[in-house]
Amino acid sequence: MNSSTQPNNARPDATDGTARIRSLVRLTLANRVSAVYLTVVGGAMAVAAAQPLFGTGPDASLVWVWPALFTFPAFGFVAWLGEAGWGGDAPTWFFVGGIVLSALVQSLALGSVWRALRGRRGNRGHLTAAH
């Protein structure tokens, strides 16, 4: 028997932080919009990483523009940090990590917008035919 005078939903719960993290992960990864977006960005990164194996030429490094464009505007901040920190000579790991981080941030934003739009649609009630 519970001797607490607080209702169940008012008591602090040790798993509250875990539930928040789980909710953020769901918004970022486990919805249709975010999954499609991350697949597009991941595919662009895979093509860009594999391109040196199949093609040689002066334009070979330009294929990395596509993942950066898919993650813009969040990647714009990463590019700005690279310019400010390394003066335009930032290491490759910084830009690749920046693309990944930008994609995850934007996926979270897309998941939040998707959930908000679906929530509004669910609150409309049932439409019936006019008589």
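The structure this text deals with has already been given above.
Here we summarise the structure given alongside this text. Numbering of residues starts from 1 in every chain and runs along the sequence as written. At least 70 in pLDDT is required for a residue's local features to be given in this predicted model, at least 80 for side-chain atom pairs to be given and counted, and no such filter applies to totals for whole chains, interfaces and linings, which use all residues. Water and hydrogen atoms were dropped before computing side-chain values, which therefore reflect all heavy atoms in the structure.

A few points about the overall build of the protein chain
We count it as follows: Segments assigned H or I by DSSP are reported as helices when at least four residues long, segments assigned E as strands when at least two residues long, and all are numbered from the N terminus. Working definition: with a 1.4 Å probe on protein chains only, accessible area under 20% of the residue-type maximum means buried, over 50% means exposed, and in between means partly exposed. The contact definition used throughout considers only heavy atoms, calling two residues in contact when any of these lie within 4.5 Å. Accessible surface is estimated by sampling points in the Shrake-Rupley manner with a 1.4 Å probe; for residues, cover comes only from the protein chains shown.
Within the protein chain, the secondary structure is distributed over five helices and zero strands. Listing every helix and strand of the protein chain by position from the N terminus yields α-α-α-α-α. In the protein chain, which comprises 131 residues, the proportion classed as buried is 20%. Considering only residue pairs separated by 6 or more positions, the protein chain has 63% of its internal contacts joining residues 24 or more positions apart. Per element, the accessible surface of the protein chain, about 9900 Å² overall, is 65% carbon and sulfur.

Focus: unusual backbone geometry
In this structure, proline 73 follows phenylalanine 72 across a cis peptide bond, with omega equal to 20 degrees. Positionally, proline 73 belongs in the loop between helix H3 (65-70) and helix H4 (74-86).

Some details on the packing of aromatic side chains
Here the distance between the centres and the angle between the planes together describe a pair of aromatic rings. The cut-off we apply is this: Centre distance within 6.5 Å is the pairing criterion for rings of Phe, Tyr and Trp, where only the six-membered ring of Trp is used; planes under 30 degrees apart are then read as stacked, over 60 as edge-to-face, and the remainder as tilted.
Enumeration according to the criterion identifies seven aromatic pairs in this entry. For the ring pair tryptophan 86 and tryptophan 93, a centre distance of 6.1 Å and an interplane angle of 90 degrees mean the geometry is edge-to-face. Overall, the relative accessible area of 38% leaves tryptophan 86 in the partly exposed class. Classification of tryptophan 93 as exposed rests on a relative accessible area of 61%. For the pair phenylalanine 94 and phenylalanine 95, a centre-to-centre distance of 5.7 Å together with 75 degrees between the ring planes defines the contact as edge-to-face. Residue classification places phenylalanine 94 among the buried residues on the basis of a relative accessible area of 16%.

Side note on the nonpolar core
Rules: Within this scheme, the nonpolar core is defined by two criteria: the residues are buried Ala, Val, Leu, Ile, Met, Phe, Trp, Tyr or Cys, and they are joined through side-chain atoms within 4.5 Å.
Among the nonpolar cores identified, the biggest contains ten residues, and these are Tyr37, Val41, Met45, Ala68, Phe75, Val78, Ala90, Phe94, Ile99 and Ala103. For this core, the elements supplying multiple residues, two or more each, are helix H2 (32-54), H4 and helix H5 (92-122).

Some words on the pattern of salt bridges
The following threshold applies: Here, a salt bridge means any side-chain nitrogen of Lys or Arg that lies within 4 Å of a carboxyl oxygen of Asp or Glu.
Tallying each qualifying case throughout the model produces one salt bridge. When the shortest N-O distance is used, the salt bridge between aspartate 16 and arginine 20 registers 3.3 Å. Of this pair, aspartate 16 and arginine 20 both sit in helix H1 (residues 16-29), four residues apart, which is roughly one turn of that helix. Given the relative accessible area of 35%, aspartate 16 is considered partly exposed. The class of arginine 20 is exposed, set by a relative accessible area of 56%.

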